[in-house]
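Coordinate inspection notes
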There are 2 protein chains.
Amino acid sequence: MSIRHAILGFLSWKPFTGYELKRLFADSLSFHWSGNNNQIYGSLVELHRSGAVSIEVQQQEKLPARKLYTITEEGRAELRAWLLSEPELPAFRSLAHTQLAWAECLSDAELDGLLASYERKLADQAIMCRERMRRSLEETGEAGYAGAGRAEPRRNARERLVWRSIDESQVAFYETELGWTKNLRLRLKELSDEGR
Amino acid sequence: MSIRHAILGFLSWKPFTGYELKRLFADSLSFHWSGNNNQIYGSLVELHRSGAVSIEVQQQEKLPARKLYTITEEGRAELRAWLLSEPELPAFRSLAHTQLAWAECLSDAELDGLLASYERKLADQAIMCRERMRRSLEETGEAGYAGAGRAEPRRNARERLVWRSIDESQVAFYETELGWTKNLRLRLKELSDEGR
DNA sequence: CAAAGCATGTAAGCAGTTACATGATTGT
DNA sequence: ACAATCATGTAACTGCTTACATGCTTTG
């Protein structure tokens, strides 16, 4: 579970419950985990079993007990070790590219329809990301940019720069792919005009 | 299994054995499947069970029997239906970004080391991709560009354009991320120089 | 003689997903 | 009255991965 390290990361800020962690993942732009229950609650059990976190159970009158997880020294050591480990190559996957690859089975119009549909999705996504970033900036003010969806105040300029860059690279990704799609449509159109 | 459709795609060119399909996936730049046995052979069994492919067993004297898979009309219909279905958003995942997100646990030097290591990996990967594309061009000649690692001759200008664009977007992805990394290193350096 | 290629397959496991299950509280 | 928020957890599944298992042939 690679989400294990991301959870330790959040807990390095301050203690959280599973529910809160779930929110943090769901609200974030750049963490690719959906924050589903199985992963969060399962990882927390595992983290506790291996001594990376401690639990404080807070009984509540009517609601289920909150379990507040706090990172331990072992947990911090594990997090640091991971941060210092060799980074992996990033991955770019587009099933739409795979569809495109077999475009010979489609007519010019059908192929352009597929691309148009991809283009629309990308444009929507790019706008949504930009909007979320904008709102995040508004909430906290430029100097306090926390990263889209993450409410914890960033502690210094270095961290703000890093989080902001990460979010920007995410938006840039969609925008680059959008540009690529537009360009391909254009070039395909030129080609079919030539052939006439 | 989304690889199912990619296999149908290859079989739409001509019949292949499992072994050959495995090669096609392993050699390709832009298909993200590793082409491991379990997936290929498993999918082929499944495709046959559902009537999308037919099998011709060719006994060989010393080697194990070759099973040559041919796409059926049902298979072609399934492929076309998938090609016309709504494309999904592409995905960009970088665990390195997650490492970066918790950079507060690292010193300036350690953070720069992480970025330097990421940068090197990306540069190597970009060079490797470019090289593979170049070799693929050499083999087949500009006009016949088949897509890196895929030996089937492309049938017309439209398909060549699409395949080439797909490979280029893959390389551009690594190069964009490389540029992003360099830029972030630079901006972090400026920041730490300011603070002095 | 070792490595790579040809050719099939299986076992075990990891990471991630959706959907289900329960149930009180607060806001529209 | 309905939806959203708080709060925990489980079941079943998909997609993909590495490694194992067998065994012959060709190339360096």
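Scroll up for the structure.
Residues numbered from 1 in each chain as written. Chains lettered and ligands numbered in written order. Predicted model: local features only at pLDDT ≥ 70, side-chain atom pairs only at ≥ 80, totals over all residues. Heavy atoms only, no water.

Another point: the environment of B:Gly179. Tracing the backbone shows B:Gly179 in helix α7 (residues 157-194). For the pair B:Gly179 and B:Ala123, spaced 56 residues apart in the sequence, the C-alpha separation amounts to 9.6 Å. (Helix = DSSP H or I, 4+ residues; strand = E, 2+ residues; numbered from the N terminus.)

With 68 residues of chain B in contact, the opposing surface of chain A contributes 68 residues. Across the interface of chain B and chain A, roughly 7000 Å² is buried in total on both sides, 65% from carbon and sulfur atoms. Applying the counting rule to chain B against chain A returns eight salt bridges. With a closest N to O distance of 2.8 Å, B:Arg80 and A:Glu110 form a salt bridge. Scanning the region where chain B abuts chain A turns up 31 residue pairs in polar contact (both at pLDDT 80 or more). Taken together, the elements giving at least two residues each to the side of chain B that touches chain A come down to α1 (3-13), α4 (73-83), β4 (91-93), α5 (95-101), α6 (108-140) and α7 of chain B. Ranked by residue count, the leading element in the side of chain B that touches chain A is α7(B), at 19 residues. The residue inventory of the side of chain B that touches chain A, partitioned by class, reads 37 nonpolar, 17 polar and 14 charged. As paired strands, strand β4 (residues 91-93) of chain A and β4(B) are joined by three bridges and run antiparallel to one another. Within β4(B), the residue paired with A:Ala91 across the bridge is B:Arg93. (Contact = heavy atoms within 4.5 Å. Buried area = accessible area lost by both parts, 1.4 Å probe. Salt bridge = Lys/Arg side-chain N within 4 Å of Asp/Glu carboxyl O. Polar contact = N/O pair within 3.5 Å; in protein donor to acceptor, adjacent residues only side chain to side chain. Nonpolar A, V, L, I, M, F, W, Y, C, P; charged D, E, K, R; others polar. Pairing = 2+ DSSP bridges.)

The next subject is the relation of the copies chain B and chain A. Each copy superposes on the other: chain B lies on chain A with an RMSD of 0.0 Å after a rotation of 180° and an axial shift of 0.0 Å. On this basis, the relationship between the two copies can be described by a two-fold rotation axis. By C-alpha distance to the rotation axis, the residue of chain B lying nearest is B:Phe92, at 2.4 Å. Mapped onto chain A, 100% of the interface residues of chain B again fall at the interface, so both copies present the same surface. (Least-squares fit on C-alpha atoms with pLDDT ≥ 70 in both.)

Within a sheet, neighbouring strands are paired by backbone hydrogen bonds and run either parallel or antiparallel to one another. All names here are of chain A. The sheet built from three strands is open, its strands ordered β1-β3-β2 with antiparallel pairing. With one partner strand each, in any of the chains shown, β1 (16-17) and β2 (53-58) form the two edges of the open sheet. By the bridge criterion, two bridges tie β1 to strand β3 (residues 66-71) in an arrangement that is antiparallel. Note that in β3 the partner of phenylalanine 16 across the bridge is tyrosine 69. Where helix α1 (residues 3-13) meets the sheet, it contacts β1, β2 and β3, and its direction lies at approximately 90° from that of β3. (Axes fitted to C-alpha atoms, helices over the stretch in contact; angles between N-to-C directions.)

Lining the immediate surroundings of DNA strand C are 22 residues, of which A:Met1, A:Trp33, B:Asn37, B:Asn38 and B:Lys67 lie closest. Among the atoms of DNA strand C lying within 4 Å of the protein, the sugar-phosphate backbone contributes 52%. Interatomic distance of 3.2 Å between a side-chain N/O atom of B:Tyr41 and a phosphate oxygen of DNA strand C. Here the surface near DNA strand C gets three residues from one element, more than from any other, and that element is helix α3 (residues 37-49) of chain B. Taken together, the residues of the surface near DNA strand C sort by class into eight nonpolar, eleven polar and three charged. (Near = heavy atom within 4 Å.)

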